[in-house]
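# A structural walkthrough
Okay, here's what each chain looks like letter by letter:
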Amino acid sequence: MTGRFAPSPTGRMHLGNIFTALLAWLSVRSQGGRMLLRIEDLDPQRSRAAYAEQLRRDLGWLGLDWDGEMPPQSTRSPVYAAHFAKLEEQGLIYPCYCSRSELHDASAPHASDGTVLYSGACRDLTPEQRAAKTRRPAWRVRVPDIAVSFRDGVCGPQTERLAETCGDFIVRRSDGVYAYQLAVVCDDALGSVTEVVRGSDLLSSTARQLWLYRELGLRAPQFYHLPLLLASDGRRLSKRDGDQSLEHLRARYSPEEIIGRLAFACGLQNRPTPATPQDLARTFDWAKVPKNDIVLPEGLF
């Protein structure tokens, strides 16, 4: 089996990133598999090479090694373009000229969680209507009204109707950058990744990605969506939380202390005692990982 950790080089890692890297690494090593690293630098405005280098150093400091590095996404546009062309040949994509304000108009359809669904305004424009547009278009896929079902390794059985929960989604932005949904499918399939471990905030992306795997004739991995780590006051951790960044944590704790406390928080240890990733891999079991978000006890970090 082959797993991967795919961080974005947009800042220093925080506890949530470290948690994902640790669980992805433990799952691979406990199965005797191959661990890959991929830098997801699709966003040219926020990504920095210096952050990518820091990510590599921080993972090494934590003891989370890898067996190979996949090409960064910023170098993969020709690959994404080839798969974009496959979707185009099948008549599955179309140009969308809607502005941001039009997409978020009060009359736009919304999913049950408040997510704005695309109205389909550009879905069936005639060639003449498209020729009259002056805005550079994004490109969307025509989502069928079908249910996509899968079993997540942490969250269990999942079913999603694409037309109701996401609608026609973007695969290439108006600035020419290929969207995450298409890029990650190409990268994982062509990199022979068989297991994807990531945060539950990406669970809603899985059905549309599985649909893309199928339409492109690619093999899909097994997914494991981790509970999110929350601060003791219930807020979600992010790179904006400087006190939870690895820069701050490295000044206060050893790698073994950080790993051991995270392992305690997610049920892999009974006490927050120092541990190495190698220690934890010997007894790692997905059944120990909780399904609900984890509130970090006050004073743990």
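Let me begin by describing the structure that accompanies this report.

Here is what the cut-offs are and how they apply
- Residues numbered from 1 in each chain as written.
- Predicted model: local features only at pLDDT ≥ 70, side-chain atom pairs only at ≥ 80, totals over all residues.
- Heavy atoms only, no water.
- Pairing = 2+ DSSP bridges.
- Helix = DSSP H or I, 4+ residues; strand = E, 2+ residues; numbered from the N terminus.
- Axes fitted to C-alpha atoms, helices over the stretch in contact; angles between N-to-C directions.
- Expected span 1.5 Å × (residues − 1).
- Contact = heavy atoms within 4.5 Å.
- Salt bridge = Lys/Arg side-chain N within 4 Å of Asp/Glu carboxyl O.
- Buried < 20%, exposed > 50% of the residue type's maximum accessible area, 1.4 Å probe, protein only.

### A look at the sheet that holds strand β8 (residues 170-172)
An order of β4-β5-β8 is seen for the three strands of this open sheet, with the pairing classed as antiparallel. Each edge of the sheet is formed by a strand with only one pairing partner; in this case those strands are β4 (93-96) and β8. Adjacent strand axes in the sheet meet at a mean angle of 45°, parallel and antiparallel pairs treated alike. Judged from the two bridges that link them, strand β5 (residues 138-141) and β8 form a sheet pairing that is antiparallel.

### Quick word on helix α2 (residues 49-62)
Over its 14 residues, α2 runs 20 Å from end to end, which matches the ideal 20 Å to within 8%, given 1.5 Å per residue. On its buried face, α2 is in contact with β1 (2-5), α1 (15-30), β2 (34-37), α9 (246-250), α10 (255-265) and α11 (277-281). One or two residues past the end of α2 sits G63, with phi positive at roughly 85°.

### Re the sheet that holds strand β10 (residues 222-226)
Read from one edge of the open sheet, five strands run β3-β2-β1-β9-β10, paired in parallel fashion. Lying at the two open borders of the sheet, with one neighbouring strand each, are β3 (68-69) and β10. Sheet analysis places β2 next to β3, joined by two bridges and oriented parallel. Directly across from L36, in β3, lies its bridge partner G68. The strands that α1 touches are β1, β2, β9 (195-199) and β10; relative to β9, the one it contacts most, it runs at about 160°.

### A word on the pattern of salt bridges
Taken as a whole and judged by the stated rule, the model has 18 salt bridges. Its salt-bridge partner being R123, residue D168 comes within 2.7 Å of it at the nearest N-O pair. With D168 in the loop between α6 (162-165) and β8 and R123 in the loop between α4 (100-103) and α5 (127-131), the pair connects residues that are 45 residues apart, well separated along the chain. D168 gets classed as buried once you look at its relative accessible area, which sits at 7%.

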